[in-house]
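Tertiary structure, described
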Amino acid sequence: STKGYAYGVLGWDKQSSETTLLQDLTKSSTGMIRGFFSMPKTGKAFIYQAATVTVSSLKLLKLFEIAKYIQANSITAGLAPLLARFNRLLLFSLVLYTLKDAADRDRLGGTTFIQLNYLSALSMGVNYAFYSGGMPEIVGALSAGFAAFFAFTGVSSYMKNQYE
């Protein structure tokens, strides 16, 4: 199935030995890291970058919390909620990076990006409502602001598509 993906989607030539899966993964990872640290091209992309950095910081804090838990308690059932929260933050940071990249390319009007904005607004809203108690106030304020921005961007992109 990996070869099928490589030949069908990536357009690899079956006769060529120039491109391997490892080379493609390395190139993709390098491009993503470069994009993560690049300067945003638009104001919207800057806000998505700030949200990505915020969630990525929370992800790193959760990773440190997991390491401390394992040092103190070994691997027990209490580790599962920490890992689940880390996993959600990991996926959410990837969604936000995708939206930042779309904003850089002025592609937020696509249906997928509109839906990702709605999902991000909901996720940030839940983060603000349920998890802001243990976080610094600035994180709660940022979560609320990001949720409003994502909702507004999703609705405005949808409306723009409806009336063009």
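Just so you know, these numbers come straight off a predicted model, no measurement behind them. (Residues numbered from 1 in each chain as written. Predicted model: local features only at pLDDT ≥ 70, side-chain atom pairs only at ≥ 80, totals over all residues. Heavy atoms only, no water.)

Another aspect to go through is the overall build of the chain. Each helix and strand in the chain was counted, giving six helices and zero strands. When burial is assessed residue by residue, the chain has 32% of its 164 residues classed as buried. For the chain, contacts bridging at least 24 residues in sequence account for 61% of all contacts bridging at least 6. Carbon and sulfur atoms form 64% of the exposed surface of the chain, whose accessible area is close to 10,600 Å². (Helix = DSSP H or I, 4+ residues; strand = E, 2+ residues; numbered from the N terminus. Buried < 20%, exposed > 50% of the residue type's maximum accessible area, 1.4 Å probe, protein only. Contact = heavy atoms within 4.5 Å. Areas by Shrake-Rupley, 256 points an atom, 1.4 Å probe, with all protein chains shown as cover.)

Residues with a pLDDT of 70 or more make up 79% of the chain, whose mean pLDDT is 82. Mean pLDDT values for the elements of the chain range from 61 in helix α1 (residues 2–8) up to 91 in helix α4 (residues 79–104). (pLDDT = per-residue confidence, 0-100.)

The N-to-C vectors of helix α3 (residues 43–73) and α4 enclose an angle of 160°; their axes lie 8 Å apart at closest approach. When the axes of α3 and α4 are compared, the pair comes out roughly antiparallel. The two elements α3 and α4 meet at a crossing, and its hand is left-handed. Here the residues of the contact of α3 with α4 sort into 20 nonpolar, four polar and seven charged. (Axes fitted to C-alpha atoms, helices over the stretch in contact; angles between N-to-C directions. Parallel < 35°, antiparallel > 145°, perpendicular 65-115°, else oblique. Left-handed = near helix turned anticlockwise from the far one by under 90°. Nonpolar A, V, L, I, M, F, W, Y, C, P; charged D, E, K, R; others polar.)

Here the focus is α3. Taking 1.5 Å per residue, 31 residues should reach 45 Å; α3 reaches 45 Å between its end C-alpha atoms and fits that length. Just downstream of α3 lies Ser-74, where phi reads positive at about 65°. (Expected span 1.5 Å × (residues − 1).)

For the rest of this paragraph, the subject is the environment of Val-139. Topologically, Val-139 is positioned in helix α6 (residues 137–162). In this structure the C-alpha to C-alpha distance between Val-139 and Thr-54, which are 85 residues apart in sequence, comes to 7.9 Å.

Okay, α6 next. Its 26 residues give α6 an end-to-end C-alpha distance of 38 Å, which sits within 8% of 38 Å, the value for a rise of 1.5 Å per residue. Among the residues of α6, those classed as buried are Val-139, Gly-140, Ser-143, Phe-146, Ala-147, Phe-149, Phe-150, Thr-153, Gly-154 and Ser-157.

Below, the discussion takes up a nonpolar patch on the surface. A contiguous nonpolar patch, built from Tyr-118, Val-155, Tyr-158, Met-159 and Tyr-163 and spanning about 530 Å² of accessible area, is present on the exposed surface. When residues in the nonpolar patch are grouped by element, the largest group, three residues, is from α6. Summarising the element assignment, Tyr-158 is placed in helix α6. The exposure class assigned to Tyr-158 is partly exposed, which follows from its relative accessible area of 39%. (Patch = residues over 30% accessible without salt bridge, like charges linked within 9 Å, V, L, I, M, F, W, Y side chains within 5 Å. Salt bridge = Lys/Arg side-chain N within 4 Å of Asp/Glu carboxyl O.)

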